[in-house]
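Coordinate analysis (summary)
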Amino acid sequence: MDFAQDSPDSVPAVPLLVVMGVTGSGKTTVGIALGRRLRVPFADADDFHSEASIAKMSAGIPLDDADRLPWLRAIGAWLAEHAATGGVASCSALKRGYRDVLRRAAPSVSFVHLDGDVEVVRRRVAGRPGHFMPASLVTSQFETLEPLQTDEHGIVLDFDRPVDELVEAYLAAAPGSRPASPADPRPGHGTPADPGE
């Protein structure tokens, strides 16, 4: 899916984005970079999880929809609070129904789906210490993933590309974006969209 398929009027003048994808796809890294480049706040969806959900994932037990609903509503509330001024949030948003919860809260939200090879993700997740999502849940994340559909506003990018290329690809595809000046910091320059998320 490409923003270019939509009319310019359908892209909000103020960027309100969710960087989505499986664990290990680089959502946090890319989300931070996009937030800095667009000069809008960033929120990491991991910070919205309850202690009970973190304990469940740490034990290698996938969350169910009942676990996820209050989490999605909290992220949706953050997006709604930033709809007028812009914001970027990282959120797995793996199912269409999860994205619908976010859209109900913030109808102008667009999605940046970081997609790619499962083996790349397995290597990344296995190599990051101390995170509550074990490598054993990677397969379940890919099985749960429902790609963006034609009526969902967003773009799909290969998470194995360098962070700066992913940011530029978003900016090139989104006519309503507000790029920052070239002097602004661009973290992750020349490195893949790794690991943190």
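Since the structure is predicted, the reported quantities are computational estimates derived from the model, not experimental observations.

Each value, and the rule that gives it
Residues numbered from 1 in each chain as written. Predicted model: local features only at pLDDT ≥ 70, side-chain atom pairs only at ≥ 80, totals over all residues. Heavy atoms only, no water. Salt bridge = Lys/Arg side-chain N within 4 Å of Asp/Glu carboxyl O. Helix = DSSP H or I, 4+ residues; strand = E, 2+ residues; numbered from the N terminus. Buried < 20%, exposed > 50% of the residue type's maximum accessible area, 1.4 Å probe, protein only. Core = buried A, V, L, I, M, F, W, Y, C linked by side-chain atoms within 4.5 Å. Contact = heavy atoms within 4.5 Å.

On to the pattern of salt bridges. Tallied over the entire structure, the rule returns twelve salt bridges. The partner of aspartate 100 in a salt bridge is arginine 96, and the shortest N-O contact between them spans 3.0 Å. Highlighted residues: aspartate 100 and arginine 96, both in helix H4 (residues 96-105), separated by four residues, approximately one helical turn. Look at aspartate 100 and you get partly exposed, because its relative accessible area is 22%. Judged by relative accessible area, which is 18%, arginine 96 ranks as buried.

With that settled, the discussion passes to the nonpolar core. Formed by 48 residues in total, the largest nonpolar core has its most connected members in Leu79, Cys91, Leu102 and Tyr170. The greatest single-element share of this core, amounting to seven residues, is contributed by helix H7 (residues 163-173). Leucine 102 has contacts with Val18, Leu72, Ile75, Gly76, Leu79, Cys91, Ala93 and Phe111, leaving out every residue within four places of it along the chain.

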